[in-house]
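As a plain string of letters, each chain reads:
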Amino acid sequence: MQLSLPGRYSPAAFRLLRLVEHFCLEQLSLPHGSHLLLGVSGGADSTALALIMRLLSPRLGLTLHALSINHGLRPEAGKDASIAQEICNGLDIPCLIRRVDVRRFADEHRMGLEDAGRRLRYALLEQERLACGAEFIALGHHAGDVSEDVLLRLVRGTGWPALGGMSAHDSRRHLIRPLLITCPADLRALLRECGLIWREDSSNADPHFTRNRLRNTVLPLLKRENPQLERSLTHLWQLARLDEEFWNAQLDMALATCPWQKDASGILLPAALLNTLPPAARLRLYMRAIHDLLQQNPAITPHTGQARASTLLNLDTALQQKRGNTHFQLPGFLEAHLTQGAIHFRLLHKNT
């Protein structure tokens, strides 16, 4: 099916396209001529992603491929993937369908369905990215997803600036999120204007998943108190990114002067390094060490590595009090050992 898109767009559609183009160029620093693999599901968000990136492809010089994943969890999942493929083909975007058995994977690895689906999804996207030669995987997360993500991180005890929500550009996993500051209602309006249909995922109403409970119960209550909550949380996301850039630059300079010591046992932050930093920088240094260790162990899910703020604050208090031979347990099978003014972060085995 070849889609016939309108020759002219409404002012609202034009503003949306310009917003995404500006975001790609300014926030993502997307090079002209990039090759993107789009993650599409048939839902409104990923359908809008495919449409917008196709419309912007002449201006940005994009080469596009797409992957639709059938998780096998819903009877209609196969139909959703087929419709996603049909839409992509209508937009002249080659689209491959892959099927995985999420339930079996979850049972074999003793994890929840949501976690299992996330792991398999990102693994397949990365495999296809390499296979088609794309530089980046583009996902359809928008401002509504940022709101949900901020609440999820708040519930899990995430500290600042990670509390500001998901990143727009994850260089380690080659991920970009071009729609991250767009309003979901605007995306759906563009789809209707262009005559594109989408599928509603019935699992989004399942209250067994924390994200769904926040989306369907907590967020509506908060929006009653502040109808502009989504915009406010988008501003929080922007502030978090600015703070993150600043502190990363500060830590880079500190580590260039006095590097940490990394070996098979973990990462040692020497006393000479810690003594030069204020508390705010030390706390961010702890998180950088934790993230570095977790990247080496893909068996640990990202959310289990979100260290509790209270533990890191207690660790820093112990450092300032010059306590020695003190151990702190962190989520994700991590341990911090304070000794002689230095801190050793290491990964523990699950049976330790």
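A brief look at the structure comes next. Source: prediction; values computed, not measured.

### Points about the pattern of salt bridges
Taken as a whole and assessed by the stated rule, the structure comprises 19 salt bridges. Close ionic contact of Glu148 with Arg211 constitutes a salt bridge, the shortest N to O distance being 3.3 Å. Taken together, the residues span a long stretch of sequence, with Glu148 in helix 6 (residues 143-156) and Arg211 in helix 8 (residues 210-225) at a distance of 63 residues. A relative accessible area of 6% places Glu148 in the buried class. Of the charged contacts, one joins Arg153 and Asp149 as a salt bridge, the two residues approaching to 2.8 Å between their closest N and O atoms. A residue pair is termed a helical-turn pair when its members lie 3 or 4 positions apart in one helix, as Arg153 and Asp149 do in helix 6 at 4 residues. The two residues Arg153 and Asp149 agree in class, both being buried. Sharing partners across several salt bridges, the network here consists of Glu148, Asp149, Arg153, Arg211 and Arg215.

### Looking at unusual backbone geometry
Residues other than glycine seldom take positive phi values, yet His174 does so here, at roughly 60°. Following the sequence through the fold, His174 ends up in the loop between strand 5 (169-170) and strand 6 (175-176). Residue classification places His174 among the partly exposed residues on the basis of a relative accessible area of 26%. At Gln340, a position not held by glycine, the phi torsion is positive, near 55°.

### As for the sheet that holds strand 9 (residues 326-330)
Pairing between the strands of a sheet is mediated by backbone hydrogen bonds and can be parallel or antiparallel. With respect to topology, 5 strands assemble into an open sheet ordered 7-8-11-10-9, the strand pairing being antiparallel. Taken across any chain shown, the strands that pair with only one partner, and hence form the sheet edges, are strand 7 (261-263) and strand 9. Across the sheet, the axes of successive neighbouring strands diverge by a mean angle of 15°, strand direction being ignored. On top of the sheet, helix 11 (residues 279-295) reaches strand 7, strand 8 (266-269), strand 9, strand 10 (334-339) and strand 11 (342-347); it is set at about 25° to strand 11, its chief contact. Sheet contacts for helix 12 (residues 309-320): strand 9, strand 10 and strand 11; angle to strand 9, the most-contacted strand, approximately 165°.

### Structural notes on the nonpolar core
Generally speaking, soluble globular proteins have nonpolar side chains that are buried together. Leu36, Leu38, Ile52 and Met53 are the most contacted members of the largest nonpolar core, which totals 51 residues. At 9 residues, helix 2 (residues 44-60) tops the list of elements feeding residues into this core. Setting aside residues up to four positions removed in sequence, Ile52 forms contacts with Leu16, Leu17, Val20, Leu179, Leu187 and Leu190. Listed in part, the 30 residues of the second largest apolar core include Ala289, Leu319, Phe328 and Ala336.

### Comments concerning the side chain of Asp145
If you trace the backbone, Asp145 turns up in helix 6. The buried charged residue Asp145 lacks any salt bridge partner; its closest oppositely charged side chain belongs to Arg211, at an N-O distance of 5.0 Å. If we ignore the near neighbours within four places in the chain, the residues touching Asp145 are Asp45, Gly140, Met166 and Arg211.

### Focus: the sheet that holds strand 5
As summarised here, the arrangement of the 6 strands in space is 3-2-1-4-6-5, forming an open sheet in which the pairing is mixed. Because the sheet does not close on itself, it has two edges, and the strands there are strand 3 (95-99) and strand 5. Contacts from helix 2 reach strand 1 (35-39), strand 2 (63-70) and strand 4 (136-138), with the element oriented near 160° to strand 1. The strands that helix 3 (residues 77-90) touches are strand 2 and strand 3; relative to strand 3, the one it contacts most, it runs at about 165°.

### Quick word on helix 1 (residues 11-27)
In a regular helix each residue adds 1.5 Å, so 17 residues correspond to 24 Å; helix 1 covers 23 Å between its end C-alpha atoms and thus fits that length. Of all the residues in helix 1, the buried ones are Ala13, Leu16, Leu17, Val20, Glu21, Phe23 and Cys24. Take helix 1 and look down its axis: the buried residues cluster within an arc of 155°, on one side only. Turned more than 90 degrees away from the buried face of helix 1, the exposed residues are Pro11, Arg15, His22 and Glu26. Against the buried residues of helix 1 lie helix 2, helix 7 (184-193) and helix 9 (229-257). One or two steps after helix 1, the chain reaches Ser29, where phi turns positive at roughly 50°.

Parameters and conventions
Residues numbered from 1 in each chain as written. Predicted model: local features only at pLDDT ≥ 70, side-chain atom pairs only at ≥ 80, totals over all residues. Heavy atoms only, no water. Salt bridge = Lys/Arg side-chain N within 4 Å of Asp/Glu carboxyl O. Helix = DSSP H or I, 4+ residues; strand = E, 2+ residues; numbered from the N terminus. Buried < 20%, exposed > 50% of the residue type's maximum accessible area, 1.4 Å probe, protein only. Pairing = 2+ DSSP bridges. Axes fitted to C-alpha atoms, helices over the stretch in contact; angles between N-to-C directions. Contact = heavy atoms within 4.5 Å. Core = buried A, V, L, I, M, F, W, Y, C linked by side-chain atoms within 4.5 Å. Lys, Arg positive; Asp, Glu negative; His and termini not counted. Expected span 1.5 Å × (residues − 1). Arc of directions from axis to C-beta.

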